[in-house]
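Coordinates in review
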Amino acid sequence: MRMKYFIVTYGCQMNVHESEKIAAICEKMGYTLADKREDADLIIFNTCAVREGAEDRVFGNVGALKKLKKQKPGTIIAVCGCSTQKEETAQKIYKTFPFVDIVIGTFNVSNFEHYINAVKYGRQMEILKEGEIDEVHPYKRTSGENAWVNIMYGCNNFCTYCIVPYVRGREKSRSEENILNEIKGILSEKKYKKITLLGQNVNSYGKDLTPPVSFSKLLKDICALEGDFKLTFMTSHPKDLTDDVIDTIASEDKILKEIHLPAQSGNNRILKLMNRRYTREHYLSIINKIRAKIPDAKITTDLIVGFPTETEEEFQDTLSLVKEVRYNGIFAFMFSPREGTVASKMDGQIDEEVKRRRVNELLNLEKQIQKEDKK
Ligand code: SAM
Ligand code: SF4
Ligand code: F3S
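Residues numbered from 1 in each chain as written. Chains lettered and ligands numbered in written order. Predicted model: local features only at pLDDT ≥ 70, side-chain atom pairs only at ≥ 80, totals over all residues. Heavy atoms only, no water.

Once that is clear, we can look at unusual backbone geometry. Put simply, Thr210 and Pro211 share a cis peptide bond, and its omega is -10°. For Pro211, the position within the fold is in the loop between strand E10 (194–198) and helix H9 (215–223). One non-glycine residue with positive phi stands out, namely Phe158, at about 45°. Within the fold, Phe158 resides in the loop between strand E8 (152–153) and helix H7 (164–168). (Helix = DSSP H or I, 4+ residues; strand = E, 2+ residues; numbered from the N terminus.)

Turning to the domain arrangement of the protein chain, a few remarks are in order. In terms of domain boundaries, the protein chain breaks down into domain 1 (4–126), domain 2 (144–256) and domain 3 (261–375). With centres defined by C-alpha atoms, the gap from domain 1 to domain 2 works out at 28 Å. The partner domain 2 presents twelve residues to the 15 residues of domain 1 that form the contact. Here domain 1 packs against domain 2, burying approximately 1,200 Å² in sum over the two surfaces, 66% of which is carbon and sulfur. (Domains from an automatic or database assignment. Contact = heavy atoms within 4.5 Å. Buried area = accessible area lost by both parts, 1.4 Å probe.)

Time to look at the site of ligand 3. Near ligand 3 you find Gly11, Cys12, Asn15, Cys48, Ala49, Val50, Cys82, Arg168 and Gln200, and these make up its full shell. For the shell around ligand 3, the class distribution of residues is five nonpolar, three polar and one charged. (Near = heavy atom within 4 Å. Nonpolar A, V, L, I, M, F, W, Y, C, P; charged D, E, K, R; others polar.)

Attention now moves to the environment of Arg168. Position of Arg168 among the secondary structure elements: in helix H7. Here Arg168 falls in the buried class, since its relative accessible area comes to 11%. The spacing of Arg168 and Asn156 is twelve residues in sequence and 9.8 Å in space, taken between C-alpha atoms. Discounting residues that sit within four places of it in the chain, Arg168 has contacts with Asn15, Glu18, Cys82, Thr106, Phe107 and Gly154. Of note is the side chain of Arg168, whose polar atom sits 2.8 Å from the side chain of Asn15. Of note is the side chain of Arg168, whose polar atom sits 3.0 Å from the side chain of Glu18. (Buried < 20%, exposed > 50% of the residue type's maximum accessible area, 1.4 Å probe, protein only. Polar contact = N/O pair within 3.5 Å; in protein donor to acceptor, adjacent residues only side chain to side chain.)

Within the structure, ligand 1 sits among 15 residues, and Tyr161, Gln200, Gln264, Asp302 and Ser336 are positioned closest to it. At a separation of 3.1 Å, an oxygen atom of ligand 1 approaches a polar side-chain atom of Arg51. Within the contact set of ligand 1, an oxygen atom lies 2.7 Å away from a side-chain nitrogen or oxygen of Gln264. When ligand 1 sits alone it has 560 Å² of accessible area, and the protein chains cover 91% of it. Looking at the shell around ligand 1, the elements with two or more residues in it are strand E13 (298–305) and strand E14 (329–334). Along the lines of polarity and charge, the residues of the shell around ligand 1 split into seven nonpolar, four polar and four charged. A domain split of the shell around ligand 1 shows at least three residues from each of domain 2 (144–256) and domain 3 (261–375). (Areas by Shrake-Rupley, 256 points an atom, 1.4 Å probe, with all protein chains shown as cover.)

Quick look at the structure:
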């Protein structure tokens, strides 16, 4: 009988895509996909560290495997991803759960096969501090007609609330040639109707390449590829979203008229404390440009409530931003202090109850706008 694997993925689309790489590695090793974790000989948790809730779920779900491991001691359990990239969390998982066989970080994933093979010699834990872009491993695509394509890794922005730069390292762009070749390969399979480009800050794509390549050039070159497909991307940072990118979205038929543009807050003092490096006014000027050039654009956003020291009036500015933009969808989050980030050490942390009330108010406003705009 063939050995089976099962992957549990937390977090963003990048992690979903990374799990597609892990799946390809497992299948190359001869494993087949299990329907449920209880049937698997290899269970992998690909973790997220962006908010406390995501990390708590990892601990709960890994802990729950103790019984399964007792019943099937041969099962290999691996924990990887953004949570375990943090040395303390990796150590905690390794110590708390002696039945976990492999603990690795985000930069170790390309060597996954090595860790699986090494388990027969004992438990494995390794957290590399950085790594090169992996152009070697293929993906086992799992998102229907959509194919994810990473164009860059890491983030240089250090928004004061965010753990991502600490667990994903500095920005590194893939070469345009490698991206185009990957997409040509995807299109030649004739299964995929949509290509979604991934990066924490896609608008700064190519700045680190020699010679530099602009994001709008990359978009145009992808659109010039033959085939019946739609193109989209995430995530844009308002400080780097240039006019030429907006013009390219407007002019290229293959690009979906959807833009996810995280605002995080509608208040300038909070935006400054968040180190977002734009103002409410600048953000709104971009929205106006998008609306002028792409009248049917669907605009969505991410917002954080209860950032340290956020007053009631400052929260009202976020509500008024939502009223002004009338988004097609919002993702609202309660600020979650992440150890090691600047904001987690700030004075003036906000009570959970206040955060909950603010997030509900924001979501209710969103519901009301959706209802009105659908009329
Ligand atoms: N790079 C993207 C950006 O700049 O918007 C996405 C980063 S993160 C994976 C997705 C969203 O999680 C962010 O836009 C932010 O709203 C939210 N987020 C990040 N850190 C957070 C924290 N400490 N507490 C609450 N929400 C957070
Ligand atoms: Fe985090 Fe900011 Fe980078 Fe997005 S741009 S990943 S929110 S640090
Ligand atoms: Fe994504 Fe979570 Fe890591 S949002 S980059 S999986 S911390």
